[in-house]
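Chain residues, written in single-letter form:
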Amino acid sequence: MDSVKKKEIILPLIPLRELVSLPAAIIPILVGRDKSINALKDSKDKYNGFIFLSMQTNQVTEAPITHEICKTGVIARIEKSAEQNNGSYRVIIHGLERGKIQEFMKEDDCFLVKIQPLKEVIEKGRNYFDLSRNLVTIFEEYITLKRVKLHGIIAKLESNQVSEITDIIISMINIPLNLKQSLLEELNVYTRGVKVYNILKKELFKLKANREEPRKDKEDIQSNEIDEYRKKIEAANLPEYVKKRTDEELERLEMMPPYSAESTVSRYYLDWLLVIPWEKVKEENKDIKLAAEILDEDHYGLWKVKERILDYLAVRQLVKKPEGEIICFVGPPGVGKSSLSKSIARALNRAFVRVSLGGVRDEAEIRGHRRTYIGSYPGQIIKGLKKAKYKNPVFLLDEIDKLNSDFRGDPASALLEALDPEQNAEFVDHYLDLEIDLSQVFFITTANFADPIPPALMDRMEVIEISGYTEREKLKIAREFLIKKQAKKNGLRLHNFEISDDLILDIINDYTREAGVRNLERQIAVILRKIARKFVEKGDISEDRETFVLNKTHLQEFLGIPKFNKLKMLNEGEIGVSIGLAWTASGGDILVIESRFLKGKGDLILTGRLGEIMKESSSTAFSYSKIQLSELDFDTNEIEKYNIHIHIPEGAVPKEGPSAGVTLAVSIISLLTGIPVRANYAMTGEITLRGKILPVGGIKEKIIAAHRYGLKNILIPSDNEKDFKEDIPDDIKETMQVHLVDNMDELLDIVLEKPIKIKNVNSKVIRPFLNTKLQ
């Protein structure tokens, strides 16, 4: 716990009645008072499950005030909490470290306190080894006389230091509360150990004197709990191998004292075994027409995905025991990957579970912690099944491309078993240590990029690419979905306001620049909130209020000045300036590439935060340009006296990939020959040293970006013709001219304002252009 290391920390406080919590002890408590419930919720929501526990001095009062709460207590972590039928919470608490209240920060709805973690005192010259051994020996005798069977507790004590040994023993022996509190407040480890040893000696004397005294009350509590677990196990309809494990665990629990740390761990494990849907299956919808209606109702477009789901439903009706599906949606943010997954669950009539994998580094987050660790729990897969309550949910693993790995393991490798149809029928979570069948789970993963996903994991998934939307598609989505959704959310009826298609297109082009519609929905929400406010300020709050007609003036009043403008720099061709098309995590975009001469030694200078692949593309383009001009009898010797500086604006944005190769080559050749590049021409393609143009990805996103910027002429590799024909909407095809090119000769003939003269009788020297354009 990082916060424990600070000088002072702030945490919510739960006052304890009839109980003293100690470090290293795991105890169950029942939280029922309003302030305590609020503190519990604050701990989970705002403080990562950390909380401060301190005994109240007046054990009777329901509402203790500040001076009725002991200053010294324990900084603890909430391991598990479950709400009971009466509104109270059963909570498992793990004590971590002593602390002292410095100040009460809040007392109204719950206690919030500033705490000073307390440092224990370890005196030099003391024989801690003998004290540890004596404590363990006398405690072993104590539990023997108490007739308590604690499996492994002695071995566990022997492996700890004196401080932990004393605290564990204090938590397990029955002594007055004020004595336990005084031992909690004792910071001298040796002194506390000696006190605990003397207390155990007295307790042993009493036990030997009253050996036959009954302990019926505790035994009755334990017996009732065991009976309750037996009833739950019988009613749970567990597989035979799971029932065998629960019976074994129940037998172990029966031999433990009811409030020991080990019994708490055992109860927690039994609770998990009983709550998992081992055999419970939810009947799914098999009506293809109904499923299609639901998918269309929730999302516009996305035909490939919808067709795939309907195909899946058809196969389910023909195959008796179909396997679970594993699909990966890859696309930019805001295009509906996560919401589409939820819609699929609704169409199939299945439970839906979502787990975000962004930033997950620990393998145990996927496969669970082994039960040998204190505070261990199952992984996200098992937690998801518990939440779903059925063994066949639609299970969304969001942001799978953002998984990380470190010394705690590789979560992507842990997912291999869960996402492999050949193995996931026998998936084993480390905490449960039992096989569970995941073969009926419909797994859906999402990613912005496919590249970061490990190949072995990618091989187990069917990848479906979801591209960005065109402005016409965004208009349709806004009209059919977003406006209706936000109107309802902001208390408006559709007849209360009027927004024209032209104004929606203005919002799309001037206030958002994205592949999806997330920001578009935000801007619509802002407008409708402003309209709602105008109605309220007028006092017109009836449903039949006058229609508000939105115009361009209102648009600037509500949203401010436009955030994005159309490209202005391409009204005429420029030397050394070319436009490329890029594919980013947020969809397509354009790259303006600038080249200029500087005095130097023939080096290539690159700026604009370029990645390694793009730097290599720049070098390839530079080499190709020199080779090409040499073959055309241009005198390139003068180049060696100058550096060529290539810059791609927006230097704060990282840029990567090989698809800017042709754009870089055009910029350099234009600079070397002094021939301007035609205005409003954009291009994409990977270049080779021989001038061949290779196919690239993201053609749809790139052409949509060109359309968004108003570019009319696009050059793409010939091998990408199929992408253009299949993926680009007809309304975009009609507005632009797309040129298919195989090599740089074809491309240069189109984009340069005049042709490069070939095989001049008198070789052309590049010097005149250098002299006139040198900066």
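Residues numbered from 1 in each chain as written. Predicted model: local features only at pLDDT ≥ 70, side-chain atom pairs only at ≥ 80, totals over all residues. Heavy atoms only, no water.

**Comments concerning the sheet that holds strand E8 (residues 352-356)**
Step number 1: If you walk across this open sheet you meet the five strands as E8-E9-E12-E7-E13, and the pairing is parallel. The sheet terminates laterally at E8 and strand E13 (462-465), the two strands that pair on one side only. For this sheet, the mean inter-axis angle between neighbouring strands, taken without regard to orientation, is 20°.
Step number 2: Bridge count for strand E7 (residues 326-330) against E13 is four bridges, and the pairing is parallel. What sits directly across from Val-330, in E13, is Glu-465.
Step number 3: Packed onto the sheet, helix H12 (residues 337-348) meets E7, E8, strand E9 (394-398) and strand E12 (442-447) and runs at close to 175° relative to E9. (Pairing = 2+ DSSP bridges. Helix = DSSP H or I, 4+ residues; strand = E, 2+ residues; numbered from the N terminus. Axes fitted to C-alpha atoms, helices over the stretch in contact; angles between N-to-C directions. Contact = heavy atoms within 4.5 Å.)

**Let's talk about the nonpolar core**
Step number 1: Residues Phe-329, Phe-497, Ile-531 and Leu-550 are the most contacted members of the largest nonpolar core, which totals 54 residues.
Step number 2: A per-element tally of this core places helix H19 (residues 518-538) first, with seven residues.
Step number 3: Setting aside its immediate chain neighbours within four residues, Phe-329 contacts Val-305, Lys-337, Leu-340, Ser-341, Ile-344, Ile-444, Thr-445, Thr-446, Ala-447, Ile-464 and Ile-466.
Step number 4: Ranked by size, the runner-up nonpolar core spans 51 residues in total, among them Tyr-229, Ile-233, Phe-395 and Ala-412. (Core = buried A, V, L, I, M, F, W, Y, C linked by side-chain atoms within 4.5 Å. Buried < 20%, exposed > 50% of the residue type's maximum accessible area, 1.4 Å probe, protein only.)

**Some points on the confidence of the model for the protein chain**
Step number 1: Averaged over every residue, the pLDDT of the protein chain is 84; residues scoring 70 or more account for 90%.
Step number 2: Of all secondary-structure elements in the protein chain, the lowest mean pLDDT belongs to helix H27 (residues 767-773), at 38, while strand E3 (residues 50-55) reaches the highest, 94.
Step number 3: Low pLDDT, under 50, characterises residues 1-5; the predicted model gives this stretch nine contacts beyond four residues in sequence or across chains.
Step number 4: The low-confidence segment residues 758-775, where pLDDT is below 50, has 35 contacts with residues more than four positions distant or belonging to other chains. (pLDDT = per-residue confidence, 0-100.)

**Describing the packing of aromatic side chains**
Describing an aromatic ring pair means giving the distance of the ring centres and the angle of the ring planes.
Step number 1: Counted under the stated rule, the structure contains 11 aromatic pairs.
Step number 2: With centroids separated by 5.9 Å and ring planes inclined at 20°, the aromatic side chains of Phe-139 and Tyr-142 adopt a geometry described as stacked. Placement of the pair is Phe-139 and Tyr-142 together in helix H2 (residues 128-145), with a separation of three residues, close to one helical turn. Side by side, Phe-139 and Tyr-142 carry an identical accessibility label, which is buried.
Step number 3: Ring geometry for Tyr-312 against Phe-442: centres 4.9 Å apart, planes inclined by 70°, an arrangement best described as edge-to-face. With Tyr-312 in helix H11 (residues 303-318) and Phe-442 in strand E12, this pair connects stretches of sequence that are 130 residues apart.
Step number 4: For Tyr-312, a relative accessible area of 3% translates into the label buried.
Step number 5: Taking the relative accessible area as the measure of exposure, Phe-442 reaches 1% and is therefore buried.
Step number 6: Taken together, the ring pairs connect Tyr-268, Tyr-269 and Tyr-431 into an aromatic cluster. (Phe/Tyr/Trp six-rings, centres within 6.5 Å; stacked < 30°, edge-to-face > 60°.)

**Some points on helix H21 (residues 612-631)**
Step number 1: Between the first and last C-alpha of H21 there are 29 Å, a value that for 20 residues agrees with the 28 Å anticipated at 1.5 Å per step.
Step number 2: Those residues of H21 lying buried are Met-614, Ser-617, Ser-618, Ala-621, Phe-622, Tyr-624, Ser-625, Gln-628 and Leu-629. In a view along the axis of H21, the buried residues occupy a sector of 170°, so they form one face of it. Exposed residues pointing more than 90 degrees away from the buried face of H21 are listed as Glu-612 and Glu-616.
Step number 3: Of the residues trailing H21, Asp-633 is marked for its positive phi of about 65°. (Expected span 1.5 Å × (residues − 1). Arc of directions from axis to C-beta.)

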